[in-house]
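Below are the chains, spelled out letter by letter.
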Protein chains: 2
Amino acid sequence: MDKSLISAPIPTIRRLPKYIHMLKRLKIENVLYVSATTIAHELKIEPILVRKDLSITGIIGKPKVGFEVEELIASITQFLNWNNTEDAFIIGVGALGEAILGYSGFKDYGLNIIAGFDIDKKKIGKKIFGVEILPLDSLEDLIKRMHINIGVLTVPASESQEICDSMVSSGIKAIWNFSPIALQVPDEVILENVHLSQSLAVLTHKLAKKLKG
Amino acid sequence: MDKSLISAPIPTIRRLPKYIHMLKRLKIENVLYVSATTIAHELKIEPILVRKDLSITGIIGKPKVGFEVEELIASITQFLNWNNTEDAFIIGVGALGEAILGYSGFKDYGLNIIAGFDIDKKKIGKKIFGVEILPLDSLEDLIKRMHINIGVLTVPASESQEICDSMVSSGIKAIWNFSPIALQVPDEVILENVHLSQSLAVLTHKLAKKLKG
DNA sequence: TTATAATCGATAATTTTATATCGATAATAA
DNA sequence: TTATTATCGATATAAAATTATCGATTATAA
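This one's a predicted model, so the numbers in the text were calculated from it and none came from an experiment.

Help me understand the pairing of strand β8 (residues 174–177) of chain A, please; the structure alone is not making it clear to me.
Note on strand geometry: in a regular strand, side chains alternate between the two faces of the sheet. Residues and elements named next belong to chain A. In β8, alternate side chains face the same way, and those of Ala 174 and Trp 176 on one face and Ile 175 and Asn 177 on the other are all buried. Strand direction decides the pairing type here: strand β7 (residues 150–153) and β8, joined by four bridges, are parallel. What sits directly across from Ile 150, in β8, is Ala 174. A crossover connection joins β7 to the parallel β8 through helix α7 (residues 157–169); in handedness this β-α-β unit is right-handed. Across four bridges, β8 lies against strand β9 (residues 190–193) in parallel orientation. Following the sheet pairing, Ala 174 is matched in β9 by Ile 190.

If you want it as structure tokens, here you go:
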């Protein structure tokens, strides 16, 4: 059966990429097997949690040796559907949008950004890191015609809801949102937010406690 | 008593910035009071959860009307220690580092990046978004002399552990790490990771389920 | 070959986080 | 003034996530 259809705990899904990072390094180092204990020690989590997380992807380990590295990478990759890359558009090619375009690694994470959109005429027509920048006006049409499922939203907060709405009405299935705003989308549209302020909040709060306490 | 010393659930801390974003918008719209119900509706969470989150910061609401917007912003800001901005260094001024420098909003989140570090001689000496870029060699010395507590790490994975080590030995207290690697730091150093792959994993997994199921 | 030790994976217990219930309070309208 | 209603906040319950326990399994060494 297809394990990727199982509903896993969100915390588990968020840890899976960590395992992949480590496993890929091990593969480069020609390590064939790795135990949950070893993974846990490096990632500073409990071994039992690692076993639980991994078992969700359907992998089966061997007592005394652990898991086959390559098989484990494949199992997690399959679970996250990172073996089937989805074509995506990025909307807003400012500093952040460029940084995302510059990071070539997303193809390993199932994401293939094939075009960027912006209103800035200086950018339209240019290629940034090999990706062509198109006028924002053409976004709706191209989402429909090319059946694009994922939109990466890196525009200023003031414009993001409007662009979000137009993507939704064009049939987008998932939005990876970097603008610091609580976007309103219909239930059937998947919305995943990257709000750096959230991560920073944890850091500053811990630091304040440390410095005061 | 100082509420910011209380240990709050991490999920709560991660939601606090969302409240701030919304509240600041309300303030601009001259809204004086807001209820947990209203906040919850906009952010798509349960009202009771909002009340619990907010109460952790020490705020007290008024039955029938809710919370005073301005007071609430102050309460959360204080709790996260975002009223006292910490000076920070950023290490690695590639596409991502530049994007972070370009985002002026971090000052509102308690973070003031006052210098960047890189090995690229073309960048050293230049100013990027008003922040001077210095040679990586001078990092340790400056952390010590300026008593910098926070380092933002935006270098490639291959170099991040080494730089991390040197920051730790120079006395850094907290590291905001953007390189996709599990950094090893002593227990007393606060490590907060931003791994975009984690967020992307949640999105791709949900999308795969949606498209298949 | 047999004993030993490391690890897996199923089940159970614990902890953390989220949600529900309900009396108390204060604004609004009758 | 009094009734009504929305909301708060304390306490209790439920759900989710993590951690512990333990028998089964298999490589390694005696």
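Please explain the sheet that holds strand β4 (residues 111–118) of chain B as it appears in this structure.
Strands in a sheet are paired, the pairing made by backbone hydrogen bonds, and the direction either parallel or antiparallel. All names here are of chain B. An order of β5-β6-β4-β3-β7-β8-β9 is seen for the seven strands of this open sheet, with the pairing classed as mixed. Sheet topology places β5 (127–128) and β9 (190–193) at the edges, where each strand pairs with a single neighbour. Sheet topology places strand β3 (residues 86–91) next to β4; six bridges connect them, and they run parallel. Bridged to Ile 90 within β4 is Gly 116. Running over the sheet, helix α5 (residues 95–102) touches β3, β4, β5, β6 (131–135) and β7 (150–153) and is turned about 155 degrees from β3. Strands β3, β7 and β8 (174–177) of the sheet are contacted by helix α7 (residues 157–169), whose axis makes an angle of about 175 degrees with β7.

Which parts of the structure should I look at to understand the domain arrangement of chain A?
Buried accessible area, meaning the area lost when the parts come together, often serves as the stated size of an interface. By the assigned domains, chain A splits into domain 1 (3–80) and domain 2 (86–197). Centre-to-centre, using C-alpha coordinates, domain 1 of chain A lies 31 Å away from domain 2 of chain A.

Just to check I follow, could you spell out the packing of helix α1 (residues 10–28) of chain B against helix α3 (residues 47–56) of chain B for this structure?
The relative placement of two packed helices comes down to the angle between their axes together with the axis-to-axis distance. All names here are of chain B. Here α1 crosses α3 at 95 degrees, and the two axes come no closer than 10 Å. The angle between α1 and α3 falls in the class roughly perpendicular. For the pair formed by α1 and α3, the contact residues are Thr 12, Arg 15, Leu 16 and Tyr 19 on the first element and Leu 49, Val 50, Asp 53, Leu 54 and Ile 56 on the second. Its residues assigned to classes, the contact of α1 with α3 comprises six nonpolar, one polar and two charged.

Can you walk me through the interface of chain B and chain A in this structure?
Chain B puts 61 residues into the contact, and the matching count from chain A is 61 residues. Of the roughly 5,900 Å² buried where chain B meets chain A, counting both sides, 68% is carbon and sulfur surface. When residues of chain B are sorted by the area they lose upon contact with chain A, B:Leu200, B:Leu203 and B:His205 head the list and together hold 11% of the total. Along the contact surface separating chain B from chain A lie zero salt bridges. Where chain B packs against chain A, one counts 14 residue pairs in polar contact (both at pLDDT 80 or more). Sorting the residues of the side of chain B that touches chain A by element identifies α1, α2 (36–43), α4 (69–80), α5, β8, β9 and α8 (196–212) of chain B as the ones contributing at least two each.

Is there a simple way to think about the protein's contact with DNA strand D in this case?
Looking at DNA strand D, there are 24 residues lining it, with A:Arg15, A:Pro63, B:Ala36, B:Arg51 and B:Gly61 nearest. A distance of 2.8 Å separates a base nitrogen of DNA strand D from a polar atom in the side chain of B:Arg51. Those elements that place two or more of their residues in the surface near DNA strand D are α1 (10–28) and α3 (47–56) of chain A together with α2 and α3 of chain B. A breakdown of the residues in the surface near DNA strand D according to their chemical character gives 11 nonpolar, four polar and nine charged.

Teacher, can you tell me more about the sheet that holds β7(A) here?
All names here are of chain A. Strands sit in the order β5-β6-β4-β3-β7-β8-β9 across an open sheet of seven strands; the sheet is mixed. Two strands close off the open sheet at either side, each with one partner strand: β5 (127–128) and β9. Across the sheet, helix α5 (residues 95–102) lies against β3 (86–91), β4 (111–118), β5, β6 (131–135) and β7, angled at about 155 degrees from β3, the strand it touches most. Packed onto the sheet, helix α6 (residues 139–146) meets β3, β4 and β6 and runs at close to 175 degrees relative to β3.

About the criteria used
- Residues numbered from 1 in each chain as written.
- Chains lettered and ligands numbered in written order.
- Predicted model: local features only at pLDDT ≥ 70, side-chain atom pairs only at ≥ 80, totals over all residues.
- Heavy atoms only, no water.
- Buried < 20%, exposed > 50% of the residue type's maximum accessible area, 1.4 Å probe, protein only.
- Helix = DSSP H or I, 4+ residues; strand = E, 2+ residues; numbered from the N terminus.
- Pairing = 2+ DSSP bridges.
- Right-handed = clockwise from strand over helix to strand, strands pointing away.
- Contact = heavy atoms within 4.5 Å.
- Axes fitted to C-alpha atoms, helices over the stretch in contact; angles between N-to-C directions.
- Domains from an automatic or database assignment.
- Parallel < 35°, antiparallel > 145°, perpendicular 65-115°, else oblique.
- Nonpolar A, V, L, I, M, F, W, Y, C, P; charged D, E, K, R; others polar.
- Buried area = accessible area lost by both parts, 1.4 Å probe.
- Salt bridge = Lys/Arg side-chain N within 4 Å of Asp/Glu carboxyl O.
- Polar contact = N/O pair within 3.5 Å; in protein donor to acceptor, adjacent residues only side chain to side chain.
- Near = heavy atom within 4 Å.

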